[in-house]
Every structure is written in C-alpha cells, then in structure tokens.
Amino acid sequence: MNHQEAIKKLEEKCNLLFGCTLDSATTQQAYRAVCLTIRDILTEKHLSFVRENTAREGKQVHYLSMEFLVGTSLRNNLFNLGLERTFEDALSAAGINLYDVYKIEPDAGLGNGGLGRLASCYMDAATTQKLPFTGYSIRYEFGIFKQKIADGWQIEFPDDWLNMGEVWLQARPDDTVEIPFGGRVEEWSDENGYHAILHDANTVLAVPYDMMISGYRTDSVNRLVLWSAKSSHSIDMNAFSRGEYVKALEENTKAEVISKVLYPADDHMDGKILRIRQQYFFVSASLQSITKKHMQQYGTMANLPDKHAIHINDTHPALAVPELMRILLDVYGLPWDEAWDITARTLTYTNHTIMQEALERWNEVMFREQLPRIHQIVAEINRRLLLSLHATFPGDQAKIDYMSVITGGEVRMANLCLAACHRVNGVSKLHSDILKNGIFRDYYSISPQKFCNVTNGIAHRRWLGQANPELCTLLETLIGDGFLEDATRLSKLVDYYDDATVLENLRTIKRTKKIALRNYISGANGINVDENSIFDVQIKRLHEYKRQLLNALNILHLYRQMKDSPSADFPPRTFIFAAKASSGYFMAKQIIRLIVAISNTINADPSVRDKLKVVFLEDYKVSLAEMIIPAADISEQISVAGKEASGTGNMKLMINGAVTIGTLDGANVEICQAVGKENMFLFGMTTDEVEALWRQGYMPSEFVRRSPALGEVIDMLTSGILGARFDDIAASLLSNRFGAADAYMTLADFDSYAAAQERIATVWKNSRSFTNMSLVNIAKAGIFSADRAIKEYRETIWHA
C-alpha cells in the first residue's frame, strides 16, 4: 500500500463513520480511521492465514493467560506491516501528525506485569514465525487500575481503556457460549456408563472479542480472543414491574462484574469468589470454543492432542484440567481413562513463580459451591492420584499430602497442573532447577521427563526497534538490519568494542533518550533532573521480594554520605522508580509511600540538589516503560536470590544498553553468563547462601549491629526526618509482627549492595569503560529474544 492508497482508505473511513473528510477530521477521528483501516488489513490477512492452516490441518497452539499486557497497538502494527512511513505521509498530507495520533491511544488494560507482557511478546514472536497461535483471556472493562499518588499513598482509579481502545476489538456474538456456576449435580449409571448433569446453575454468557496480532514482515496474523461476561437475563421484568429497579438489574450486574477488573482484591471471601469465577469463566469459554471447532473439523476427539496444544500460563488457567475432562466426559461421552489420556497429552504448563501465595490454593468448600461438577472431577483426579502415590511412596504420608491436589480443605492448582500436564517448564535455568530440586522435587522424582526449561524472552522488535529507533538506526549502519528478524545478529556489535566513534555515538543516543525522559519527568512530576547524571532505574511490580526497599535504603545511605561529605566527588545520580502495588497489599503501598517521602526530602534539600534526585513515576504501563527503558544507564534487578523466576525487564533494559546491578537470581544468571561478570555489577548472596542462612537462623538485627551505616538508615525510617514515620517498614525488617523478620533478606544484602553502587560510581567516571560495558550488553542480548523462546516451546513442549 502506498500513501495515496492509504489516503483513499482513510477518506472512506472518515466519510462513512464521521461524515467528514480526512483534512477536516479531529485527531481522535483520524486515530479511529487509521486503526480501523489497519484492523481491516489485519482481518483480511488473518482469514487468509486461517484458511491456509485449516487446509493443511497443522497443529495449533492455544495460550491461556489471565493477562496479556499488549500496550498500545497502532505503532506496533504499522511497524510490523512496514506501513509507518506510508501512514505518516498520508496523514501529513491532511495536516495531521502521526505522532499526535499515537499519543491518543491508551494502553490496553489487559495485564499488570511481566506475566502479561511475556504473553504478548510470545504472540508477537509466534505470529512472526507463522505459527498458528491463539491467545485467550478476559476483556477487562477497566483493566488493573489507573494509579495516582496522593500524599505518598497509591490511589486506584478505574482505567477506562475501552473508551479509545475498543477500536481494535471485533465482537463475535454468534459464538457466545454459556458458563455455569453453582447448581447441583445429578449422577447416574446405566449400560452406557456414568453420567452427570448440572441442574439449577446460574448461567453467564461469554461473548468473544477478537484482537488481531500482527507479525513482523509476514502475512501471518493471529488473534487474541477476549471474553466478555454478560447475563443470560438482562433484566428481571417481574422485579422491575414491582418497582424493585435495582433488584431487576442484579443478575446482570453479578454476571458482568466477572469481566470488570483484572485481579480484584482477594483479602476477603467475595474477592476470592470473584477470582475463581473469572478463572473458570475464561477457561471454560476458551475450551468450549476450541473443542467445538475441532469436532466440526475432525469429527472425533481422539486426535485432539495431535491437532492442538493447550498451554496453561501460570496457575490462573489451571481449571483447564478439570474443564477439558468435563467436556470430554459429559459433552462427548468419553470414558474416564480415554478422556484423561487426551487431556494429559493436550495440556502443558508453565510455572512462573515459587512464591507460595502465587501457587493458588482455593478453599474447598467455596470451590465446591461455585463449581460443583468441576469439584467432582478434581476429587476423582485426586482419588486416582492418591492411589498412585501410595503405591510409589508407601507410608510417606507427609510427601503424599504435599503432592495431593486436595488436602487440608484446600484445592491446590499447581499440583493439579503437575498431575495432569505432560510438559512442565520453568522460565530460567535457575528457576527450573529450583522447581526440580525444590518445590516440585517429588513430582520430578516420579516423572522427570515432564520437566524442562524455556528461559523467557522479549519482543526485541518492540523494545529496541520501536522504543529506540535512534539506536536501531545506528545498529543498522554498523551491522545491517538483519537483527530485527534474527536477534542473535546483534553479537556482531562486539566487533566495535572500544571503537571511539561508536562509543561516542552510543553516548549521544543515550543522552537523547535521557533528555526525552527528563522532559517527561519535568511535566509529570515537576522535578528537574540532570540528563548527565546516572539514570538508575527500577521499574517493575511492587513486591517485597523485588526489593525496591533495598534500593530505597541505599538512597538514604547515599544521601547521608553526601550530607556528611559535601566536597566529596560523587557523580550525580537520578534514581527512577515506577511500580504499581496490588490494591490489597499493605506493605507494598507503604514502600511506595517511603519512596515518595525520600523523593520529597532529597529533592527539596539544596545541599544535594545537583548530586541526587529521586523520582517515582505514577501509573506504570507499557507505553511509559517504552520511554524509560531506552534512557536507563543502570538496570536494578535486585531480588533476593531464589525468588525471581526469570524477569523480562532485565532483558529489555539490557538490549537498550543499560548495565545490570543485580543478584544471581532468575535470568540474571544467564545474563551474567552472556556478558561476563565484568560487564555487570553483581552483589549479594547466592541461592545456596540464602538457604544456608535461613537454616542456621537468620537474625536481621545482627546485620544491623555489624553495619553502622545500616543502623543509621534504619533509624531514619522512624525518626520523622522524612516528614513521616515508617514504623511498619522498620518492624517488618526487625521483628516478627508481619511474618518472618526481613523475609527477603534486605538487611543481609545491604552492605554488598551499597558496595556495588560504589563500584558503579567509580566506573561511571570513566565514560569509555562504562560505554564499553553498555555495548557488550546490547551485543549479547540476542539470546533473550522471544523468537528463541518460541522456537524452544515449539520444539520441546508443543511439537507444533
């Protein structure tokens, strides 16, 4: 398509939709016209891709994920289709700036953090590789939430992303499916076997909406299917006629709340019920859709594992196990053993965490009340599992209880996946080893062939090609543009190690991106930062194990040093945070409040104004990350060893030239192997050392006693010097009031972390050395592409 053809398409959209011409359209109208034109192109390509795959009867991958953190779609699609310049010229002819159009688009409110962003990266890579790949999730009306910071506190507001984001969605009401909740199960047996029917259930309708996902330089287009909840009875006319207007709409409201918000607070029973209803809702809708289409095409369920790989992305979609069994047993009448064989050979599972609170466990009574037939099936799965476990581990009741799906009044979703799925993978080499040798070791001992590793990867075309076009242009000049299709070609950049001209060009590009971020910070926060300072960045979900608190404590330590030694040669630093805390996570919100208090205190102190700044950027999302990441000098990856499964922010920052300060945790281990210890700033205990310290009895106060600097920082939390007291944070570090004292060993790693920060300051003063480190990080980032990860999934897990 050339720009004249683009103008014609845009004029048609403006005429039909808005009754105006392109040159008289508002920016919002132009945005919708461009998006709908691109959506038409993608839909046509998708239909052609589907016809091609249907004809060859190839295997399809179905990816079930509670989150897909898509971000914005317009620029991504134009970039992948090679049409960005075409539409820039077409709009320019009408006096419209494409970049002004980009600014209108909201981030799709379909995810929260790394889990959802990974799913979206994988859709990009799978589509680029021409793999038939469908994603499934929920069409959240308000996403996670829009974050505002008021007096240091996180305040959550609805994120009404559909107002401008719905333009990418295509509804398919004719493919609506029914999802039952509650009710009672009638069971009987006859000459044809066992039967079960659910009666008196509350039915919710699941309406599919398609979002088309493009690949890079390919005609392949896949789709992300998002399910929206609707009531089967929009209004109770009898109640309405009696004047009970609120009650008349009650059922509709109960149904639609399922797809209102991602991750509702679950620190109360209603929240837990909503979460399990959300999970079953999208899993059941997706599996009903998949099996119905399969039956229409093949007329049998026997070959389902040969034609479909259904992937469970973390434990949220674990109900796929009993739901697929329900469909095979109750809808298609298969006997148990055959249904179980098909289910096991169809389903695969990725574990993303060893955190106990994320390995979901549901109260069995609640589970049975909400999903009575599914509970029956899970109970039968567990009964048969226990028979096998008693035969394998006779007399070892503790081990059997640990491996059970149902035990102690709980339904354990991770164990459900382990019992059923034929492949189970972790997301970094270290994480997969911890699964095999730690929390899943008993399952590994009886089925080692199930377990494998696929280290996470990123959509490098987005995080480098789109987020950092200046760096992309330099790389194309030096090594050609082949790295956009094959990220391993980035390794050619090593040939320019210590090349003075290239290093200067890298510094110039980094400064350009830092100036852009500086301007954003000035407008968003009213803080003026120095683009020549070290931009030290920690951007990720706020959780204690990710240790934003460790970063904050060291900033206080650095602040004290600068106050005590005002004439010392400290390189100027800007510490940048961005993070959302789960709405019910008290301590995470306290840490945000602390960071904001530190920012207010330091930024108002004239004695350090030219040396130290702290910024907390509110409402972290993909589009904000695309601005922060290219500007970062230092990448903070400082979780306690053994807790971070992998991480992907570390990879995005690395490919943009940020140098990692981190522990040997998650994918940091593999980053270290790729770049060498000399090209990152390592600190802290290893996983083995963390475990050894716990075994011998960790005493946080002992580390405070040994480190005067640490003691001074802890005192600052409770002295009021920050404009407020943070007694709860201090108590979490030194007492058992909030669980184990310093559960993530922040104090144990403090001195090591502070020393690593001092090494950063030393190396920064030699711009040649630091920029060489940055160059090596860019050159070695290719292995962390989502293209590599999808290839490994295809070959070792999905066989697609």
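Engineer: For this particular structure, what's the right way to read empty space enclosed by the protein?
Structural biologist: A probe matching the size of a water molecule, rolled over the atoms, marks out where space remains unfilled. Here the structure, examined in full by the defined rule, presents 4 cavities of 30 Å³ or more. Here the largest cavity defines a volume of roughly 160 Å³. Around the largest cavity sit 16 residues that line it, and Val-70, Asn-76, Ser-120, Ile-213 and Arg-462 are the ones nearest its centre. At the level of secondary structure, the elements contributing two or more residues to the lining of the largest cavity comprise helix H3 (74-81), helix H6 (114-128) and strand S9 (202-214). Looking at the lining of the largest cavity, its residues break down into 7 nonpolar, 6 polar and 3 charged. In this structure, the second largest cavity spans a volume of roughly 130 Å³. Taken together, Gln-356, Leu-359, Glu-360, Arg-361, Tyr-402, Arg-412, Met-413, Ala-414, Asn-415, Ile-439 and Phe-440 make up the lining of the second largest cavity.

Engineer: Is there a simple way to explain the sheet that holds strand S18 (residues 534-539) in this structure?
Structural biologist: Backbone hydrogen bonds are what pair the strands of a sheet, in a parallel or an antiparallel way. Read from one edge of the open sheet, 6 strands run S20-S19-S18-S21-S22-S23, paired in parallel fashion. Because the sheet does not close on itself, it has two edges, and the strands there are strand S20 (612-616) and strand S23 (681-682). The sheet contact formed by S18 and strand S19 (residues 573-578) spans 6 bridges and is parallel. Bridged to Phe-535 within S19 is Thr-574. Sheet strands in contact with helix H24 (residues 548-564) are S18, S19, S20 and strand S21 (634-637), and its direction is about 155 degrees off that of S19.

Engineer: I'm lost on the packing of H24 against helix H25 (residues 586-603) in this one. Help?
Structural biologist: When two helices pack together, their arrangement is given by the angle between the helix axes and the distance between those axes. Two elements in contact, H24 and H25, have axes whose closest approach is 10 Å; the angle formed by their N-to-C orientations is 20 degrees. If you check the angle between H24 and H25, you find them roughly parallel. When you trace H24 past H25, the crossing you get is left-handed. Counting all contacts with H24, which are made through Gln-548, Leu-549, Ala-552, Ile-555, Leu-556 and Tyr-559, the residues of H25 involved are Ile-591, Leu-594, Ile-595, Ile-598, Thr-601 and Ile-602. The residue inventory of the contact of H24 with H25, partitioned by class, reads 10 nonpolar, 2 polar and no charged.

Engineer: I keep staring at the sheet that holds strand S15 (residues 410-412) and nothing clicks. Help me out?
Structural biologist: Strand order across the open sheet formed by 3 strands is S13-S15-S14, with antiparallel pairing between neighbours. One side of each edge strand has no neighbouring strand; the edge strands of this open sheet are strand S13 (361-363) and strand S14 (406-407). Pairing between S14 and S15: 2 bridges, direction antiparallel. Looking across to S15, one finds that Ile-406 is bridged to Val-411.

Engineer: Explain unusual backbone geometry to me, please; I cannot follow it from the model alone.
Structural biologist: Where the residue is not glycine, phi is negative for most of them; where a peptide bond is considered, it is trans in most cases. Of note, the phi angle at Asp-498 is positive, near 65 degrees, even though the residue is not glycine. As for its placement among the helices and strands, Asp-498 is situated in the loop between helix H22 (469-479) and helix H23 (500-525). Residue His-799 is not a glycine yet carries a positive backbone phi of 50 degrees. Of note, His-799 is situated in the segment after helix H35 (786-798).

Engineer: Is there a simple way to think about the packing of aromatic side chains in this case?
Structural biologist: Aromatic rings in a pair are described by how distant their centres are and how their planes are angled relative to each other. Under the defined criterion, the tally for this structure stands at 15 aromatic pairs. Ring geometry for Phe-181 against Tyr-280: centres 5.9 Å apart, planes inclined by 80 degrees, an arrangement best described as edge-to-face. Here Tyr-280 lies in helix H11 (residues 269-298) and Phe-181 lies in strand S6 (residues 177-181), a separation of 99 residues in the sequence. Judged by relative accessible area, Tyr-280 falls into the buried class, the value being 2%. The interplanar angle of 55 degrees and the centroid separation of 5.0 Å between the aromatic rings of Phe-683 and Tyr-753 together place this pair among those described as tilted. With Phe-683 in the loop between S23 and helix H29 (687-696) and Tyr-753 in helix H33 (residues 750-764), this pair connects stretches of sequence that are 70 residues apart. The residues Phe-683 and Tyr-753 share a single accessibility class, namely buried. Ring pairing ties together the aromatic residues Tyr-63, Phe-68, Tyr-122, Phe-133, Tyr-793 and Trp-798, which thus form one cluster. Residue placement shows Arg-277 over the ring face of Phe-181; its charged tip is 4.2 Å from the ring centre. The residue whose ring lies beneath Lys-580 is Phe-145, and the NZ or CZ to ring-centre distance is 5.2 Å.

Engineer: Explain the pairing of strand S1 (residues 60-64) here, please?
Structural biologist: Counting buried residues in S1 gives 4 out of 5 residues, a clear majority hidden from the surface. Summarising the sheet, S1 and strand S11 (residues 308-313) pair through 5 bridges and their orientation is parallel. Directly across from Leu-64, in S11, lies its bridge partner Ile-312. Two elements, S1 and strand S2 (residues 133-138), share 4 bridges in a ladder whose sense is parallel. Residue pairing for S2: Tyr-63 is matched across the bridge by Gly-135.

Engineer: It is not clear to me how the layout of surface pockets should be interpreted in this structure. Could you clarify?
Structural biologist: Of the voids in this model, the second largest pocket is the one considered here, and its volume is about 550 Å³. Lining the second largest pocket are 27 residues; nearest its centre among them are His-46, Val-50, Gln-60, Arg-223 and Lys-293. The set of elements that each furnish at least two residues to the lining of the second largest pocket consists of helix H2 (27-56), S1, S2, S9, strand S10 (221-231) and H11. For the lining of the second largest pocket, the element with the highest residue contribution is H2, accounting for 8 residues.

Engineer: Explain H11 here, please?
Structural biologist: Count 3.6 residues to each turn of an α-helix, and residues three or four apart come out pointing the same way. For H11, spanning 30 residues, the distance from its first C-alpha to its last is 43 Å, which sits close to the expected 44 Å at 1.5 Å a residue. Phi for Gly-299, located one or two positions after H11, is positive at around 75 degrees.

Engineer: Please clarify how the nonpolar core should be interpreted in this entry.
Structural biologist: Most often, soluble globular proteins have nonpolar side chains that are buried together. In this structure, Ile-38, Leu-74, Phe-281 and Trp-798 are the most contacted members of the largest nonpolar core, which totals 205 residues. Counting residues in hydrophobic clusters, the runner-up holds 68 residues, among them Phe-570, Ala-641, Leu-722 and Ile-760.

Engineer: How should I be thinking about the pattern of salt bridges in this particular structure?
Structural biologist: Here the idea is simple: oppositely charged side chains can pair when their charged atoms come close. For the coordinates displayed, the defined rule picks out 49 salt bridges. One salt bridge connects Asp-100 with Lys-103, and the closest N-O pair in it is separated by 3.9 Å. With Asp-100 and Lys-103 both in helix H5 (residues 98-104) and 3 residues apart, the pair spans about one turn of that helix. For Asp-100, a relative accessible area of 37% corresponds to the partly exposed category. The closest approach of N and O atoms between Glu-712 and Arg-560, which form a salt bridge, is 3.2 Å. Here Glu-712 is found in helix H31 (residues 708-719), whereas its partner Arg-560 is found in helix H24, with 152 residues between them in sequence. For Glu-712, a relative accessible area of 36% corresponds to the partly exposed category. Here the salt bridges do not stand alone but share partners, grouping Lys-146, Lys-580, Asp-619 and Lys-621 into one network.

Conventions used here
- Residues numbered from 1 in each chain as written.
- Predicted model: local features only at pLDDT ≥ 70, side-chain atom pairs only at ≥ 80, totals over all residues.
- Heavy atoms only, no water.
- 1 Å grid on protein atoms, 1.4 Å probe; cavity = no way out; pocket = protein on both sides within 12 Å on 5 of 7 lines; lining within 4 Å.
- Points joined across faces, edges and corners; volume = space filled by probe spheres on them.
- Helix = DSSP H or I, 4+ residues; strand = E, 2+ residues; numbered from the N terminus.
- Nonpolar A, V, L, I, M, F, W, Y, C, P; charged D, E, K, R; others polar.
- Pairing = 2+ DSSP bridges.
- Contact = heavy atoms within 4.5 Å.
- Axes fitted to C-alpha atoms, helices over the stretch in contact; angles between N-to-C directions.
- Parallel < 35°, antiparallel > 145°, perpendicular 65-115°, else oblique.
- Left-handed = near helix turned anticlockwise from the far one by under 90°.
- Phe/Tyr/Trp six-rings, centres within 6.5 Å; stacked < 30°, edge-to-face > 60°.
- Buried < 20%, exposed > 50% of the residue type's maximum accessible area, 1.4 Å probe, protein only.
- Lys NZ or Arg CZ within 6 Å of the ring centre and 35° of its normal.
- Expected span 1.5 Å × (residues − 1).
- Core = buried A, V, L, I, M, F, W, Y, C linked by side-chain atoms within 4.5 Å.
- Salt bridge = Lys/Arg side-chain N within 4 Å of Asp/Glu carboxyl O.

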